Amino acid sequence: MVVDCKAFNDNSYETEYMGEPASLVCCDAATHLGESLLAAEYARYALYHHKNPVKRCLAHRKLAAVSMMHDAGAGEGPPPNE
């Protein structure tokens, strides 16, 4: 895609959906490792950094999933023995 406006030359990747950004892939990796706070940080970064509505929607969904997992206690380690 050729962009005529010089202001958007370095952000042309934002104009088309080309898969998940690296920050959301890192969010998934942190989630699978049980690092919910780090995963939320990656999702927030993607939410604030990207201007593409599709990528922002993906970031919102990941952030919601991470916050639900964190509220449920996922990633906190095994439950204590009684």
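Above this text you will find the structure in question.
Computed from a predicted structure; not experimentally measured.

1. Focus: the packing of helix H1 (residues 22-32) against helix H3 (residues 53-72)
- Packing of H1 against H3 brings their axes to within 11 Å, and their N-to-C directions diverge by 15 degrees. Between H1 and H3, the angle is such that the two are roughly parallel. Judged by the sense of rotation from one axis to the other, the crossing of H1 with H3 is left-handed. Together, Leu24, Cys27, Asp28 and Thr31 of H1 and Lys55, Leu58, Ala59, Lys62, Val66 and Met69 of H3 make up the contact between the two elements.

2. Looking at H3
- Over its 20 residues, H3 runs 28 Å from end to end, which matches the ideal 28 Å to within 8%, given 1.5 Å per residue.
- Among the structural elements, H1 and helix H2 (36-49) are those in contact with the buried residues of H3.

3. Some points on the pattern of salt bridges
- What the rule picks out here adds up to one salt bridge.
- A salt bridge links lysine 62 to aspartate 28; the nearest nitrogen and oxygen atoms lie 2.7 Å apart. Of the two residues, lysine 62 is situated in helix H3 and aspartate 28 in helix H1; the sequence distance between them amounts to 34 residues.
- On the basis of relative accessible area, aspartate 28 is assigned to the partly exposed category, the value being 27%.

4. Quick word on the environment of threonine 31
- One can find threonine 31 in helix H1.
- Distance from threonine 31 to alanine 65, taken between C-alpha atoms, is 9.5 Å for residues 34 residues apart in sequence.
- What threonine 31 contacts, discounting residues up to four positions off in sequence, is Ala39, Val66 and Met69.

Cut-offs and rules
Residues numbered from 1 in each chain as written. Predicted model: local features only at pLDDT ≥ 70, side-chain atom pairs only at ≥ 80, totals over all residues. Heavy atoms only, no water. Axes fitted to C-alpha atoms, helices over the stretch in contact; angles between N-to-C directions. Helix = DSSP H or I, 4+ residues; strand = E, 2+ residues; numbered from the N terminus. Parallel < 35°, antiparallel > 145°, perpendicular 65-115°, else oblique. Left-handed = near helix turned anticlockwise from the far one by under 90°. Contact = heavy atoms within 4.5 Å. Expected span 1.5 Å × (residues − 1). Salt bridge = Lys/Arg side-chain N within 4 Å of Asp/Glu carboxyl O. Buried < 20%, exposed > 50% of the residue type's maximum accessible area, 1.4 Å probe, protein only.

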